[in-house]
Number of protein chains: 2
Amino acid sequence: MDNENVSSHISKRFNDDLQELKNHLLMMGGVVERQVTDGVLSLVDANSELALNVRSNEKQVNTFELNIDEECTSVLALRQPAAGDLRMVVAILKAITDLERIGDEANKIAKLAIKLTEEGQAPRGYVEVRHIGQQVQEMIHKALDAFARFDVELALEVAQADRAVDIEYNSAMRQLVTYMMEDPRSISRVLNIIWALRALERIGDHARNIAEHVIYLVKGQDIRHANLDAIKESVLGSA
Amino acid sequence: MDNENVSSHISKRFNDDLQELKNHLLMMGGVVERQVTDGVLSLVDANSELALNVRSNEKQVNTFELNIDEECTSVLALRQPAAGDLRMVVAILKAITDLERIGDEANKIAKLAIKLTEEGQAPRGYVEVRHIGQQVQEMIHKALDAFARFDVELALEVAQADRAVDIEYNSAMRQLVTYMMEDPRSISRVLNIIWALRALERIGDHARNIAEHVIYLVKGQDIRHANLDAIKESVLGSA
């Protein structure tokens, strides 16, 4: 083999590594997305069997995180990627932390579902949980799609959807607080719904973070802490 | 210059880079620690001036995160660290995310302090906020100390302290819920205290994460998701 062949062979193996890393991230994302769907369903349908299922899948998510983390570190050590490839590995390292925390929040929702089945369902808030649940599931899905296709516009959509979730969340909270005041006996049950909404709102934040990792990855631009409109202008303007 | 000198020169610059990276992490940590102290103080003393101060310092924390993040990426790209050095850069990359999120939570507490000063203070829960606040401040401080000295035992202490915080948090929550049921007019004000306690509990989680990054860094062992006693045995047993 001459030198050129050796180097193209190495670079092929490197690309395979990166592709595999990305596939593993997307697989982990698929599992986490499912955890959120099932967590929300177990709560709104008072299905404790499904909730227990979510709780027992948590280990799988954690194992994914540890394995991908190790893969990233070993790609950094052995392949010493530069520029865009390096950004991709760093983006994956960060995205798995967000995915793992989404899994944690789904697990909390499943825990609340079990509590609500045992202690008696809350009188209000299920519509809101279902609705905000759908919104954040869609955000996770789009954020992962954006990662798969390096799609910056889709990633920006996710960042904007997070705003909409925050608005709905605040309005649901106000309603539930009013409800608790009107019927104090419901407080502890309604609080469980409030915790579930909080978990969903956090999931939205993490989905947004993942979308931001995509933008950083593609554009080399760090949009955390930046104003959304300014980003949109600069990213789409230069796209 | 002969080859040996060149290489020792490069390795000196590399060590300087790593030391600087660590110093910047500790500087950021100092600022964040202060944010938590001031956030808690602004709430329990109903000091909205201090709360506004916390809120305006958030930008500084964000800037730290972005700069250190960039430093880490450039050390990875230019110096291509291996083994322990690589683990250190990865640990710093992760620790700054946790520090930034601690800053976010401190900011939320400051926001609640302003709300409570405007809407009227809550009738209960200040003792608990102060107390849990002290516990998590100490956790942050110890976690950063553990980073500074690569001290695994201290890091394990932080992980154990997180358990104690969770227990106190749960007991405080039960009391506040009982209180809201007894006096429904207090609900929305007591909820603000509940949010503050939640923020503190999250800060404890992040401090624990930072401590775990130290253990990973020193021992090359990933203790996330592992049982605390098993870790203690294996880490201290092999120390």
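Residues numbered from 1 in each chain as written. Chains lettered and ligands numbered in written order. Predicted model: local features only at pLDDT ≥ 70, side-chain atom pairs only at ≥ 80, totals over all residues. Heavy atoms only, no water.

**Notes on the overall build of chain A**
Along the backbone of chain A there are 8 helices and 0 strands. Sequence-ordered secondary structure for chain A, helices as α and strands as β, is α-α-α-α-α-α-α-α. Relative to its 239 residues, chain A shows a buried fraction of 52%. In chain A, once contacts between residues fewer than 6 apart in sequence are set aside, the share between residues at least 24 apart is 82%. Carbon and sulfur atoms make up 47% of the accessible area of chain A, which totals about 10,600 Å². (Helix = DSSP H or I, 4+ residues; strand = E, 2+ residues; numbered from the N terminus. Buried < 20%, exposed > 50% of the residue type's maximum accessible area, 1.4 Å probe, protein only. Contact = heavy atoms within 4.5 Å. Areas by Shrake-Rupley, 256 points an atom, 1.4 Å probe, with all protein chains shown as cover.)

**Remarks on helix H6 (residues 152-182) of chain B**
Under the 1.5 Å per step criterion, the end-to-end length of H6 of chain B is 46 Å for 31 residues, consistent within 8% with the ideal 45 Å. You can read the cap of H6 of chain B off the contacts: a side-chain oxygen lies 3.1 Å from the backbone nitrogen of Glu 153 of chain B, and it is on Asp 151 of chain B. (Expected span 1.5 Å × (residues − 1). Polar contact = N/O pair within 3.5 Å; in protein donor to acceptor, adjacent residues only side chain to side chain.)

**Observations concerning the relation of the copies chain B and chain A**
Under the fitted operation, chain B is carried onto chain A by 0.0 Å of movement along the axis and a turn of 180°, and the coordinates agree to an RMSD of 0.0 Å. The two molecules are tied by a two-fold rotation axis, judged by turn and shift. The share of interface residues of chain B whose copies in chain A are also at the interface is 100%, consistent with both copies meeting through the same surface. (Least-squares fit on C-alpha atoms with pLDDT ≥ 70 in both.)

**Thoughts on the interface of chain B and chain A**
Between chain B and chain A, the contact holds 35 residues from the first and 35 residues from the second. Run the count over chain B and chain A and you get 6 salt bridges. A salt bridge links Arg 101 of chain A to Asp 98 of chain B; the nearest nitrogen and oxygen atoms lie 3.2 Å apart. Applying the counting criterion to the chain B and chain A interface returns 6 residue pairs in polar contact (both at pLDDT 80 or more). Listing elements by their share of the side of chain B that touches chain A, those giving two or more residues are helix H3 (58-79), helix H4 (83-119), H6 and helix H7 (187-219) of chain B. For the side of chain B that touches chain A, a count of residues per class yields 16 nonpolar, 7 polar and 12 charged. (Salt bridge = Lys/Arg side-chain N within 4 Å of Asp/Glu carboxyl O. Nonpolar A, V, L, I, M, F, W, Y, C, P; charged D, E, K, R; others polar.)

**Details of the confidence of the model for chain A**
All names here are of chain A. Taken as a whole, chain A shows an average pLDDT of 90; of its residues, 89% reach a score of 70 or greater. Element-level mean pLDDT values for chain A span from 67 in helix H8 (residues 228-237) up to 97 in helix H2 (residues 48-56). Listed scores for the predicted complex are pTM 0.87 and ipTM 0.81. (pLDDT = per-residue confidence, 0-100.)

**With respect to the pattern of salt bridges**
One pass over the full model with this rule turns up 24 salt bridges over all chains. Here Arg 34 of chain A makes a salt bridge to Asp 38 of chain A, at a shortest N to O gap of 3.2 Å. Of this pair, Arg 34 of chain A and Asp 38 of chain A both sit in helix H1 (residues 3-44), 4 residues apart, which is roughly one turn of the helix. For Arg 185 of chain B, the salt bridge is made with Asp 183 of chain B, and the minimal N-O distance between the two is 3.1 Å. Judged by relative accessible area, which is 70%, Arg 185 of chain B ranks as exposed. Of the residues examined, Asp 183 of chain B reaches a relative accessible area of 16% and is grouped as buried. Linked by salt bridges that have partners in common, Glu 105 and Lys 108 of chain A together with Arg 202 of chain B make up one network.

**Thoughts on unusual backbone geometry**
Peptide bonds are mostly trans, and most non-glycine residues show a negative phi. All names here are of chain B. Its identity as a non-glycine residue notwithstanding, Ala 46 has a phi of 50°, on the positive side. Mapped onto the fold, Ala 46 is located in the loop between helix H1 (3-44) and helix H2 (48-56). We classify Ala 46 as partly exposed; its relative accessible area is 27%. Notably, Ala 83 is not glycine yet its phi reads approximately 45°, a positive angle. With respect to the helices and strands, Ala 83 occurs in helix H4.

**Quick notes on the packing of H4 of chain B against H7 of chain B**
For any two helices packed against each other, one specifies the crossing angle of their axes together with the interaxial distance. All names here are of chain B. At their nearest, the axes of H4 and H7 sit 9 Å apart, and the two run at 170° to each other. Taken together, the axis directions place H4 and H7 in an arrangement best described as roughly antiparallel. Split into classes, the residues belonging to the contact of H4 with H7 amount to 21 nonpolar, 5 polar and 10 charged. (Axes fitted to C-alpha atoms, helices over the stretch in contact; angles between N-to-C directions. Parallel < 35°, antiparallel > 145°, perpendicular 65-115°, else oblique.)

**A short note on the side chain of Thr 73 of chain A**
Looking at the secondary structure, you find Thr 73 of chain A in helix H3 (residues 58-79). When near neighbours in sequence (up to four residues on either side) are disregarded, Thr 73 of chain A contacts Leu 86 and Tyr 216 of chain B.

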